[in-house]
Each structure stands twice: as structure tokens, then as C-alpha cells.
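Close look at the chain arrangement
So the chains spell out like this:
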Amino acid sequence: MPGDWFILAPSFTGDRQGEQDNVLDRLRNAPLSQQIATSAALLCLLASLAMVILAAISSRHMQHRQQAEFGTALARQVAARVGLALETGDLLSLRASLQRFVDNSAAQRVIVNDVEGKPLGEAGEPSGRYLQQFSAPVRIESNIAGEALVTIATDNTSGDQRRFVLSLLGLAVVLSLAVYGGGLQVGKALGGRFRKLSRHLALEENGKRLPVNEVAALERQVHALPMDLLRTRDNSAGSDEHYRGSAVLYLQLDSLSDYVDTLDEQSLHRYIARLHRLVQTAAGFYGGELQVVRQFALAVYFTGAGKAGSAAFRAACCAWLVQAAARELEAKQSLSLRVFSAVGLSELGVGDSADIYPGLYMQSTLDELQLACESRPPKILLSPAVCADTDIDGRLQHQSTEIMDYAMLASVSDPYADLLERQLRLTLKRLAEPV
């Protein structure tokens, strides 16, 4: 049997530890309202219990002090009464005096002893669970002739003490329940705001079940964001950037040329505004600069290297986003969003009003890209210089064409394909919002 006990003891300990871990896990994964309410109620209960203990100790100390003063006063009163009887040696009068004192006071029993401890008189019979005894010397003139012992019952006082402590405990429990209710309401309000933020950050509706805890759900949505691509804007300023190599995404708005003469002014304005938002949103992911370069063509310029990759790779990703989003939107509306795209490289940047030389140099690249798009390619065209880029070669698959030695974008390797899909859903979500 002892051996069996030592074998089973660790098992019981492990089970208890497992149960504690399960309770902590359930509390950690509970809704925010329950976490706040439970934590606030427990803290309130602990603080209230500390106050109850302090009040009980203080009250008990005060009661003991009052009982000691009261019992000592009774003993001194008895000693004063029996002093004269001891002086005359009248023991019958002594016992009668003790009995009257027991009948007319709170004393349960009174005993008078001589200086040798022998009882001279006794009256009363103590009853009760809590008894205390107090003493006082009996004096005859200046000499001590004996000792008076008084026994009193403190049952009523102890009962009052217990009722006082129980009432404080009840008040602490009620206060903790009130705090729990208040914390539950506050937690529900905060949890609702966190849930709203989680839904606002959601990039896909794939039926995945979010955690019950609002903070964990928001954390999952934040981790799901493609932050490495969303934080790629490079706002470095200065005229020197116009003399660095740039990638150019040329967008031929083929369907717009058909609608200029067929749509009314208001419809045409809405159509162009939607195209503008589409290209601007896609370019914003990669820090592209949008400009109108031809009557029915846009150019998005990418300069320098960013966190998402080289300028050529960012231009190709932006082109993929524009075409994919255009196909999705075209399926939901009656107007066509036909766009032809080509990506090329230039040795200089776009230039500005202070230095027009880079912009003039850029025109030959734009002419070449326009000529490539006039062939109406079904997919994105990549110039030979773009195909030679390290990031393009390692992250994209392309195939050769007969259009000016240009290649055609075939597919995007993982994990960049997944990130582009997430950006596509975010782009469509933004385009669905009212202006």
C-alpha cells in the first residue's frame, strides 16, 4: 500500500496541475468582457477581504480591551465590597454580598480567596462557551488580605463579532458582483470596438473562425496583413533621384478611347475617376508616381530599391494588380476596363519643373512602350532590360514573344503570389468604398 501511494501521488499532482492550466487557458481565451470583469471582481474581492480582515482584527482588539476594562472594574468593585466583611471576619455577610453581586451584575461567578489562595467565599455558576476571568486585590487599609476573582461570559460579544465579520464579507461579495457587472459592460464595449477593427482589417472572407477573444482576433488580422508590401513607400526627396535608373509601367487605356464619344459627360467622368482610383491604389503599394503621358495612356514611375524589391519588380507587381483588379471590376459592371500594360527601364527618372532633361530623355522609353502596347498583348509585357533584373528573374516566370524582343509575364512565385492576392482583395475593398 505505501508503494502504491507513492506511485499514485505524482499522478494526482499532475492532474491538478493540468486542471489549473486548463482554467488559465480558458480564461486567457475568453472574451475580453469576461477577462476584464473577472479580473476587476477578483481584485475588488481581494481588496475587500483585506479590509474585512483589518476591520475584524481592529474590532476584536477593541472588544478585548473593553472586556478587560469592564472585567477589571467588576473585580475591583467586588474587592471593595468584601474588604469590610473580611476586616470583621463576617463570612456569612461575605457570601451574601457575593450572591447579590452575581444577581445584579454581568458576572457569572465570583470567588474571594485569602492571601494563601484558599477560598473564603463563592457565588454563581458560569455558563457559556467563552469565559474570561479577571482579578483584583482585596485590601484592608493598606494591606492585601486576599484576591477577588470575577468570571464573565463573552458569548454575546463573540457572536456580535462574527455577525459583524459576516456582514462585511457579504458586503464584499455584493461589491465584487457589482464590479463584475460594471466590468462586463466596459469589456463588451471595448470588445465590440476591437471586433469592428478586426472586421475592418479583414482582407478575405474565407469562413475562418476567429478566436473568441477580441484581442487575439485583432492580433491575427494584423499578422495577416502583408506589412512588408504595405510599407514600401520611399519618399526620399531631392533632384538627384531623377538621374537614377527608373522602371516605367505604361498603361494603355484601350477601352477609354471607345467611350470618349459614346458616354455622356457625367458617366465619362465617373468612369475615368474609377480608373484613376484603381491605378492610384495599386501604385500606392509600391511608391509609384502616376502621370498622364498620352491622350489615352498613363505611366507609373518607380525609382530606386524598396523593401518590396527592385524598381522593375515593383512595376511588374503594380501592373499585375491593375490588370487583375480591372478584370474583377469588369465582371461586376457593364462598362469594359480593358488595359494593356508594358514595363520598361530608363537610365534617368521622370524629372520635374526644375529640371526637364530627365523627362525629355524619358520620352523615347515611353514611345517604345506605347509601340509595344499597340500590339494589344493579352498579358503584361516586360522589356529585355526588365527581364535581366535580378528580382524579376528570381521571382517571376515569363515567356518570350515576337513583340520587339519583349517577354510576357506568365506567373508569380510564392510567397509573392500570395501577397499580391492579399493586395488585390484590399484594392477591391477600397474601390468598393464610396468616394
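Residues numbered from 1 in each chain as written. Predicted model: local features only at pLDDT ≥ 70, side-chain atom pairs only at ≥ 80, totals over all residues. Heavy atoms only, no water.

Some points on the overall build of the chain
Along the backbone of the chain there are 13 helices and 11 strands. Each of the 435 residues in the chain was classed as buried or not, and the buried ones make up 39%. Considering only contacts within the chain whose residues lie at least 6 apart along the sequence, 66% involve residues at least 24 apart. Accessible surface computed for the chain: about 25100 Å², of which carbon and sulfur atoms make up 56%. (Helix = DSSP H or I, 4+ residues; strand = E, 2+ residues; numbered from the N terminus. Buried < 20%, exposed > 50% of the residue type's maximum accessible area, 1.4 Å probe, protein only. Contact = heavy atoms within 4.5 Å. Areas by Shrake-Rupley, 256 points an atom, 1.4 Å probe, with all protein chains shown as cover.)

Digging into the packing of helix α9 (residues 311–330) against helix α13 (residues 416–432)
Interhelical geometry of α9 versus α13 gives an angle of 50° and a closest axis separation of 10 Å. Regarding the angle of α9 to α13, the classification is oblique. Where α9 crosses over α13, the handedness of that crossing is right-handed. Packed against α9, whose contacting residues are Phe313, Cys317, Trp320, Leu321, Ala324, Ala325, Glu328 and Leu329, the element α13 presents Tyr416, Leu420, Glu421, Gln423, Leu424, Thr427, Leu428 and Leu431 at the interface. A breakdown of the residues in the contact of α9 with α13 according to their chemical character gives 12 nonpolar, 2 polar and 2 charged. (Axes fitted to C-alpha atoms, helices over the stretch in contact; angles between N-to-C directions. Parallel < 35°, antiparallel > 145°, perpendicular 65-115°, else oblique. Left-handed = near helix turned anticlockwise from the far one by under 90°. Nonpolar A, V, L, I, M, F, W, Y, C, P; charged D, E, K, R; others polar.)

Structural notes on unusual backbone geometry
Residues aspartate 414 and proline 415 are joined by a peptide bond in cis, for which omega reads 0°. Counting through the fold element by element, proline 415 comes out in the loop between β11 (407–412) and α13. Although it is not a glycine, methionine 404 adopts a positive phi angle of roughly 55°. Positionally, methionine 404 belongs in the loop between β10 (396–400) and β11. Overall, methionine 404 belongs to the partly exposed group, its relative accessible area being 32%. Positive phi values are uncommon outside glycine, yet aspartate 405 reaches one of about 60°. Turning to its location among the elements, aspartate 405 is positioned in the loop between β10 and β11.

Re the pattern of salt bridges
Counted by the stated rule, this structure contains 6 salt bridges. Here aspartate 254 ties to arginine 338 by a salt bridge, and the two come within 2.5 Å at their closest N and O atoms. Here aspartate 254 is found in helix α7 (residues 254–259), whereas its partner arginine 338 is found in the loop between α9 and β8 (339–346), with 84 residues between them in sequence. Arginine 338 gets classed as partly exposed once you look at its relative accessible area, which sits at 28%. Measuring nitrogen to oxygen at the nearest pair gives 3.0 Å for the salt bridge that ties arginine 376 to aspartate 254. Remark: aspartate 254 occurs in helix α7 and arginine 376 occurs in the loop between α10 (357–373) and β9 (381–382); sequence separation between them is 122 residues. Three or more residues joined by partner-sharing salt bridges are found here, namely Asp254, Asp258, Arg338 and Arg376. (Salt bridge = Lys/Arg side-chain N within 4 Å of Asp/Glu carboxyl O.)

Some remarks on the environment of leucine 348
Looking at the element boundaries, leucine 348 is found in the loop between β8 and α10. Separated by 14 residues in the primary sequence, leucine 348 and methionine 362 place their C-alpha atoms 7.0 Å from one another.

A few points about the sheet that holds strand β5 (residues 246–253)
Taken in spatial order, the 7 strands of this open sheet run β6-β7-β5-β8-β9-β11-β10, and their pairing is mixed. In this open sheet, the two edge strands, each paired with only one partner strand, are β6 (289–294) and β10. Of the pairings in the sheet, the one linking β6 to strand β7 (residues 297–303) comprises 5 bridges and is antiparallel in character. Paired with arginine 294 across the strands is alanine 297, a residue of β7. (Pairing = 2+ DSSP bridges.)

Points about α10
Its 17 residues place the ends of α10 25 Å apart at the C-alpha level, agreeing with the 24 Å of an ideal helix rising 1.5 Å per residue. Most pronounced at glutamine 363, the bend in α10 amounts to some 30°. Those residues of α10 that fall on the buried side of the exposure criterion are Pro358, Gly359, Met362, Thr365, Leu366, Leu369, Ala372 and Cys373. Tucked into the core, α10 has its buried residues touching β5, β6, β7, β8 and β9. (Expected span 1.5 Å × (residues − 1). Bend = angle between axes of the 7 residues up to and from the residue.)

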